[in-house]
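# Architecture at a glance
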Amino acid sequence: MTDDSLEPPSGLRAMLPDLAPWRASRDFRRLWYAGLISNFGSFLTFVALPVQLKDLTDSAAAVGAIGAVELIPLLVFGLYGGALADAWDKRKLIVWTEVGQGLLSAALLLNALLPHPAVWPLYVVAALSSALVSVQRPALDSLWPRIVAHDHLPAAASLNSFRWTVGGVAGPALAGVVVAYAGLGWAYGADLLTFAVSVVLVAGIASSPASHEAAKPSLKAIAEGARYAWSRKELLGTYAVDLAAMFLAMPLALLPFLADELDARWSLGLMYASVPLGALLVSLMSGWTSRVHRHGRMVVLSAALWGVAIAAAGVMDDVWLVLLFLTVAGGCDMVSGIFRGAMWNQTIPDELRGRLAGIELLSYSVGPTVGQVRAGGVAAWWGVRTSVWSGGLLCAGAVGLLALCLPRLMSYDVRTNEHATRLRTQREAAAPSPTEA
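Residues numbered from 1 in each chain as written. Predicted model: local features only at pLDDT ≥ 70, side-chain atom pairs only at ≥ 80, totals over all residues. Heavy atoms only, no water.

## Concerning the nonpolar core
Let me state the cut-off plainly: Only buried residues count toward a nonpolar core, which is a set of Ala, Val, Leu, Ile, Met, Phe, Trp, Tyr and Cys residues joined through side-chain atoms within 4.5 Å. The cut-offs for exposure are 20% and 50% of the maximum accessible area for each residue type, with area from a 1.4 Å probe on protein chains only; residues under the lower value are buried, those over the upper are exposed, and the others partly exposed. Each helix is a run of H or I in the DSSP string that is no shorter than four residues. Each strand is a run of E no shorter than two, and both are numbered from the N terminus. The contact criterion used throughout is that any non-hydrogen atoms of two residues lie within 4.5 Å.
Core analysis: the largest hydrophobic core is formed by 76 residues, its most contacted members being Tyr188, Leu255, Met271, Trp306 and Leu326. Residue contributions to this core peak at eleven residues, all from helix α14 (residues 319-345). Setting aside chain neighbours within four positions, we find leucine 255 in contact with Leu268, Met271, Tyr272 and Leu326. The next biggest cluster of nonpolar side chains, apart from the first, holds 24 residues, and it includes Phe28, Val95, Ala139 and Val202.

Structure, rendered in structure tokens:
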């Protein structure tokens, strides 16, 4: 007699997200809710801030310059934030950076309520927000392996991606309406409220002190993490592929201008929502990802298809086709993100996790940040449409070249990779149990 509960799911059920991390860990659920709520508000600001800059300056280069002011804090605090995550209590870092983000939302709200809002506070807030995110994300990313069982990490990555995309779809779509009909202040005010709720939720999780093997935050500790990353060519491949894709084919700073060129300003919120909508659709059917073992190949394939879809969006004259290809691009990006996260979480030792998360942060954040500058500059010289489609084609070509140069990435298999096997064995021997409901 067989136990049906031990049989792998099939049919439609096999496509649905795996809820095992949700059922097993109370802390996972609290962090998931906190992220859902704060991400929703952050996406409101994500749309409102470039729209406000466009209204105040009417310059694509000025909007693209947001990326320039975010870059230096990202580079500095991303690496140091990773060292802090290894050496300090991760919960405290997450809570206090959420508080800081809420204060920045309040500053945007006050500026928007002025009779004549100033431009410079938008850049200052963008830079400070970049610094806070750079400190928070390594702590958050390195916390998941502590509160989720090893074999549940791919499922946790899918659920976290789903959480992000829900906010990414609803936030921009609602922001387009709110900004157009209620004003920027309402968008910034809602963001402030979501951070307040998130702080309460995160404060309720268990403390997560530093590993006894973790190094104190220093340049030496950061260098140690960098040496480890360099020794892992499959990890370097994930960083390089995502950096190329985001630098060359991230068109979000141009969407207000693209909507104008298509004579469809009404579609701006939908454009911002299309990329996360594609990601959401993939997340809803992410059950298959737990049965894929060659993660590196999926990272390369999905990144190349992201570039092709962005190029297609750049040449279309029909706004609905633009929205369709932006949605396809978002789905491809989500697939890449799921498998990159699985490779990172299932192979990196706990005592190095924060510093490697800082490097990961740079790989998936520097690209979009600098990419905004690239997109704005190319658009200023050769036009918005050319900037979009050329970036997509360059992305597909660059990813293909990286695949040829990085055989360790293409051959990665979680079942046989020595680092994944070692970490799995260590966690099974230690038998850590996630925080129970």
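## Topic: a nonpolar patch on the surface
Just so we agree on the cut-off: Residues enter a patch when their relative accessible area is above 30% and they make no salt bridge; the linking distance is 9 Å between like charges and 5 Å between nonpolar side chains (Val, Leu, Ile, Met, Phe, Trp, Tyr). The Shrake-Rupley method, run with a 1.4 Å probe sphere, supplies the accessible areas, and residue values consider only the shown protein chains as cover. A pairing counts as a salt bridge when a side-chain nitrogen of Lys or Arg comes within 4 Å of a carboxyl oxygen of Asp or Glu.
Among the surface-exposed residues, Ile72, Leu75, Val76 and Phe77 lie close enough to one another that they form a single nonpolar patch of about 360 Å² accessible area. You can see isoleucine 72 is positioned in helix α4 (residues 60-87). Isoleucine 72 sits in the exposed class, given a relative accessible area of 59%.

## Quick look at the environment of tryptophan 144
The topology assignment puts tryptophan 144 in helix α6 (residues 120-147). Residues tryptophan 144 and asparagine 345, spaced 201 residues apart in sequence, show a C-alpha to C-alpha distance of 8.1 Å. Beyond its immediate stretch of four places on either side in the chain, tryptophan 144 contacts Phe28, Leu31, Leu153, Asn160 and Arg163.

## Notes on the packing of helix α5 (residues 90-112) against α6
Keep this limit in mind: For every element, the axis is a line fit to its C-alpha atoms; helices are fit only across the contacting stretch, and the angle between N-to-C directions ranges from 0 to 180 degrees. In what follows, roughly perpendicular refers to angles from 65 to 115 degrees, roughly parallel to angles under 35, roughly antiparallel to angles over 145, and oblique to any angle outside these ranges. Working rule for handedness: look at the near helix, and if it is turned counterclockwise from the far one by less than a right angle, call the crossing left-handed; if clockwise, right-handed. Gly falls in the polar group here, along with every residue not listed as nonpolar (Ala, Val, Leu, Ile, Met, Phe, Trp, Tyr, Cys, Pro) or charged (Asp, Glu, Lys, Arg).
For the pair α5 and α6, interaxial distance at closest approach is 9 Å and the crossing angle is 155°. Between α5 and α6, the interaxial angle falls into the category roughly antiparallel. The chirality of how α5 crosses α6 is left-handed. For the contact of α5 with α6, a count of residues per class yields 15 nonpolar, seven polar and three charged.

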